Amino acid sequence: MSLARHLSRLGRGCLQAAGTLALWTLWLGLALLLAVQAYVATTNQLEVPGFVLRAFESRLAQSGMRASFGRTHFDPSGRVLVQDLRVTLPNFSDPLVTARAVYMQLDLWALSLDRFEATEVRIIGGSLRVPAVFSPSGRSDEVIHDLEADLRPRGSELDLASLSFRLGSVPVSAHGTLHLGAGRGEARRLPLADFLARNYGTFSRKFAALVAQAGALENPVVQAELIPSESHGADVDFEVCASALRWPRPAFQASEIRLAGRVPLLNAERVPVVLRGSAASVRLPDGAGEVRRARLRLEADLAPNALVPSWRSAEAAASALRVRALDLEVPAVFVRARPASGGALLLDAGGEPWGAPLAAEASVDLVQRSAYVRIHGELAPGFLATLATRTKRDPHRYVRLPSAIALDGRARFGPGWKFERAEADAYARGVSLQFRPNDAGGFVRTDEAGAHAVFDGRRLTAPDAFLRIGEDYARGSYEEDIASRRYRFLLDGRLRPLDITPWFTEWWPRFFEPFDFSRRPAEASLDLSGQWPTDHQTAVFVGVDAREGRYRGAAFDRVRTRLFIRPNVIDDGLEAWAERAGGRLQGSFLAQLSATGQVTRLDLDFTSTLDPAPLIQAWPQAPAAAAAFAFTKPPTAVLRGFLENPGGEKGGLQPDLRLDLNADAPLRYHGFPVDRLAFSARIREQDVAINRIAAGLAGGSATGHAAVTGKAPAQRIRFDGVLKDASLPRAVEAVRTFSAGDGKGPATLPPDAAQNLAGDRFDLAGAAEGANGDPFSFRGQGRAEIRGPDLAKVRLLGLLSSVLPVTTLHFTQAKSDFTLEGARVAFSDVDVTGANSRIEAHGTYALDRRALDFYARIYPLKENKFLVGKLLSTVITPLSYLSQVRLSGTLANPTWSLAPLSSGASSRPAGLAPQLAPGSAQTPASQAAPSPLARPASP
């Protein structure tokens, strides 16, 4: 056998021996493995291998932590149980993290490669302590306990399937994901431990602060969700619920608390956060009130790794706010606050106090303790009751509000909360005001009112205020001294004075009741001052400019006056002015009133160019004689004096006046025509004394005196006077018109009579007395003288040619004394003379019947200057004594007839006539006698 064959057989034998050895070795290993599996299956727990514990401790050490264990258990599936885990951080001797048990599911493949990696971690009975250096108590206190957690590490993130613990006494439950961040070193094996080691100081400080504040909550519960963040580790969405909150300073309580928000778990920079909260009710400090259903929104900045936020704005709202001190409930309340520079605080607030929306804005300096506040919105009527509660004064005595007042007010408080100034703009509709709080009926309802008001702590002013009552309107200012309660109004506008009667006592309506401004309100300026709450010191300066006004029914085109009014005195020392049809009345007056508003004295000083008729109508106390005048052109009159009520309120005003009147146009007195008139009169009670009468009558000039005495209807008139150079035709016309009774009878003479009387003039002097208003009641005496170129052409004398055998009668002068006896004028001695003839007559004239009854004797040549004429007169004279003529009929139709030896021939009325005025050449002094009527005394 060859060597090759032997070598081949040897090789095959070695291979068979090696295969047999490997087969038995495999079977032995499998048998051993089966035995181990049988042991594990029967026991299920093994001691953690040493190399595993060493790997775990090594990885903790790399994170700066030291751990100690109680018992540990391990099963072949990679689950590890660690009991009594205690973790200590560098520089701290006491364990800060403990756990009663920790279950970990390890990655066996990583473990076979000497890497300790857990895929699941469950912690039971965990706790965290705050180091003594960070603890408020100075001890290492437990802040988190009863921690239960299911964790799933996933590289740089940690899933929190469940997490629950107690923060102090507050139960907390959470879930989510935590970003663990990058580890320190390449051999990072325990990211959670590394994260905890890096941030444990921050966590402990935050948790310690939370535990300190959690004591204010009753039955709190916290739920949270962690949202991973590379910069913050996690953003925590949390919600805190508690049955109550009791905050110590400032002391307030809240119920059914809920607080939610999102905050960073860790932050190395300032982070904005938003927190939201709610409470069923909040009791304010010191029992000030209560808030119901409150809601809060807080925007803040968290300082790096700080717990208490630096807030940027806060908003709170509530369904209602109850203010106990004001007994006020405000619905729909909201408050906004935000800090400003320099320690200031900006506030916005609003609500619906008293049922109307009202908002406030404020800037508060908490360092200086100063503030600026603005309030705007509406003040509902209910605020008056609240104001009464706070001030102990009832504003309802001064104002009544049917609706809300629109308000915009500002106030400033200086350092130390010292009040400096407040101002407001207000507007109201339908508000009722009064200035006499003791009079419940003293309110005046306005249509609208508004003001800009300023208060500085001592004075209340309204530099711009307005008020409207129908067509009445006023705008001006108001000011009041709060200490003395003295006030003043300055107003301009238009006014019907009686519209504001309730604001004053009886003197106001009594004074203004005669005025009528119904067509249009008077333009007025008012300066009203006084002292609340009485009107005893009220003083009013008022200027009135009225168009189309009336006074006691008398209409005026324009009335203007400026008055100074006090409760019992009305004084216009400035101006009283009225205009009508181009005439004007102006002057001043002073009225004094009693406590009930009755006028007790009225001083007057007026000049007038008005028609007196409306003035007499407007003056009930005007003398009855004043109504007897009728002017064709308004006279100029000056009235001075006073009216006084000496008998008190039951008596009437009695005048003591001086009237100077000048009428330079025709007028009538009781219907008697007068060309012009000027006089000065003194009016005392019912008596009128008229001196220095200067009048124009029938083209002549008259002077004299008159007096009106007594009371109606027994009022009497006395007068005496002299008329010179009057026109006979005009006088006859005047007498005819006046004799008609109504002043409207025929006044024009027949054409032949007017022609015959043309150029005839006469003088008249007389005195008489009679009843006012009865022209046929006068009795007196007088003397008359007529001059003309040819009196024979007068119808009364011209008719003599039909009864006398005288061809030519020339008469140029007639004179006579007469006596006035009511409706009868008796002429005692009528003497008619001419160039060559003379008539002597006597008789009567009936004014009421306009009837003539005269007897005359004619001496044709008695006045002849030549010798032949005188001889003929001597021869004819006996015949004149044997015959006479009679004049009868009327002035319109006179009749002459022969009446020889008539019984009337010797009938001559007796009596003396008053002396003619100086210059009457035909009246010798021996024939004149003084008037039996005494001249009225000068006023």
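Look up a bit, the structure's there.
What counts as what
- Residues numbered from 1 in each chain as written.
- Predicted model: local features only at pLDDT ≥ 70, side-chain atom pairs only at ≥ 80, totals over all residues.
- Heavy atoms only, no water.
- Helix = DSSP H or I, 4+ residues; strand = E, 2+ residues; numbered from the N terminus.
- Buried < 20%, exposed > 50% of the residue type's maximum accessible area, 1.4 Å probe, protein only.
- Areas by Shrake-Rupley, 256 points an atom, 1.4 Å probe, with all protein chains shown as cover.
- Salt bridge = Lys/Arg side-chain N within 4 Å of Asp/Glu carboxyl O.
- Contact = heavy atoms within 4.5 Å.
- Pairing = 2+ DSSP bridges.
- Axes fitted to C-alpha atoms, helices over the stretch in contact; angles between N-to-C directions.
- Polar contact = N/O pair within 3.5 Å; in protein donor to acceptor, adjacent residues only side chain to side chain.
- Core = buried A, V, L, I, M, F, W, Y, C linked by side-chain atoms within 4.5 Å.
- Phe/Tyr/Trp six-rings, centres within 6.5 Å; stacked < 30°, edge-to-face > 60°.
- Lys NZ or Arg CZ within 6 Å of the ring centre and 35° of its normal.

Caption draft 1: Expanded view of the overall build of the protein chain. Scanning the protein chain from N- to C-terminus turns up eleven helices and 52 strands. For the protein chain, the residues scored as buried account for 43% of the 939 residues in total. Carbon and sulfur atoms make up 56% of the accessible area of the protein chain, which amounts to about 48300 Å² in all.

Caption draft 2: Summary view of the pattern of salt bridges. Applying the stated criterion to the full structure yields 46 salt bridges. Of the charged contacts in the structure, one is a salt bridge between Asp301 and Arg312, with a shortest N-O distance of 2.9 Å. Here Asp301 is found in strand S14 (residues 289-302), whereas its partner Arg312 is found in strand S15 (residues 310-323), with eleven residues between them in sequence. In this structure Asp301 comes out as buried when scored by relative accessible area, which is 16%. As a salt-bridge pair, Asp656 and Arg684 come within 4.0 Å of each other at their nearest N and O atoms. Taken together, the residues span a long stretch of sequence, with Asp656 in strand S38 (residues 654-663) and Arg684 in strand S41 (residues 676-684) at a distance of 28 residues.

Caption draft 3: Main features of unusual backbone geometry. A positive phi is found at Ala332, a non-glycine position, where the angle reads about 55°. Residue position: Ala332 is located in strand S16 (residues 328-339).

Caption draft 4: Main features of helix H5 (residues 383-391). Those residues of H5 that fall on the buried side of the exposure criterion are Phe383, Leu384, Thr386 and Ala388. Check the buried side of H5 and you find it contacts strand S19 (370-379), strand S20 (399-400) and strand S21 (405-414). The first or second residue beyond H5 is Lys392, which carries a positive phi of 60°.

Caption draft 5: Fine view of the sheet that holds S20. Across the sheet, three strands lie side by side as S20-S23-S24; this open sheet has antiparallel pairing. Every interior strand has two partners, whereas the edge strands, S20 and strand S24 (444-445), have only one.

Caption draft 6: A look at the sheet that holds strand S40 (residues 672-674). The strand order across the open sheet formed by three strands is S36-S39-S40, and the pairing between neighbours is antiparallel. Pairing within the sheet leaves two strands with one partner each, and these edge strands are strand S36 (629-631) and S40. Strand-to-strand twist across the sheet, computed as the mean angle between neighbouring axes with direction ignored, equals 25°. The pairing of S36 with strand S39 (residues 667-669) spans three bridges and is classified as antiparallel. Its bridge partner lying in S39, Phe631 is registered against Leu667.

Caption draft 7: A look at the environment of Val80. Within the element layout of this structure, Val80 appears in strand S3 (residues 79-88). The buried category is assigned to Val80, whose relative accessible area is 4%. Between the C-alpha atoms of Val80 and Val121, which are 41 residues apart in sequence, the distance is 9.4 Å.

Caption draft 8: Quick peek at the pairing of strand S48 (residues 824-833). Of all ten residues in S48, eight are buried; the element is thus mostly enclosed. Here strand S47 (residues 813-821) hands over to S48 after two residues, with Gly822 in that stretch at a positive phi of 70°. As defined by bridge partners, S48 adjoins strand S49 (residues 838-846) across eight bridges and the pair is classed as antiparallel. Within S49, the position partnered with Thr833 by the bridge is Arg838.

Caption draft 9: Seen up close, the environment of His175. Mapping His175 onto the fold places it in strand S8 (residues 170-179). Overall, the relative accessible area of 40% leaves His175 in the partly exposed class. The spatial distance from the C-alpha of His175 to the C-alpha of Leu160 is 5.0 Å, given a sequence separation of 15 residues. The residues touching His175, leaving out its near neighbours within four places in the chain, are Leu160, Ala161, Ala224, Glu225 and Leu226.

Caption draft 10: Fine view of the side chain of Thr501. Tracing the sequence through the fold places Thr501 in the loop between strand S28 (486-495) and helix H6 (507-512). Exposure remark for Thr501: the relative accessible area of 19% places this residue in the buried category. At 2.8 Å, the side chain of Thr501 forms a polar contact with the backbone oxygen of Leu498. Once you skip the residues sitting within four places of it in the chain, Thr501 turns out to touch Trp508 and Pro509.

Caption draft 11: Structural view of the nonpolar core. Phe489, Trp503, Leu677 and Phe679 are the most contacted members of the largest nonpolar core, which has 104 residues in total. Ignoring sequence-local partners within four residues, the contact set of Leu677 consists of Phe629, Leu661, Asn662, Ala663, Leu667, Ile693, Ala694 and Ala695.

Caption draft 12: Fine view of the packing of aromatic side chains. Evaluation of the coordinates by the stated rule reveals 16 aromatic pairs. Judged by centre distance (5.6 Å) and plane angle (35°), the ring pair of Phe419 and Phe455 falls under tilted. Pair noted here: Phe419 is in strand S22 (residues 418-429) and Phe455 is in strand S25 (residues 448-455), with a separation of 36 residues, a long-range link. What makes Phe455 partly exposed here is its relative accessible area of 26%. On the basis of an interplanar angle of 70° and a centroid distance of 5.9 Å, the ring pair of Tyr487 and Phe489 is categorised as edge-to-face. Classification of Tyr487 by relative accessible area gives buried; the value is 6%. An aromatic cluster is defined as three or more aromatic residues linked by ring pairs; in this entry it consists of Phe629, Phe631, Tyr669 and Phe679. Against the face of Phe642 rests Arg601, its NZ or CZ located 3.9 Å from the ring centre.

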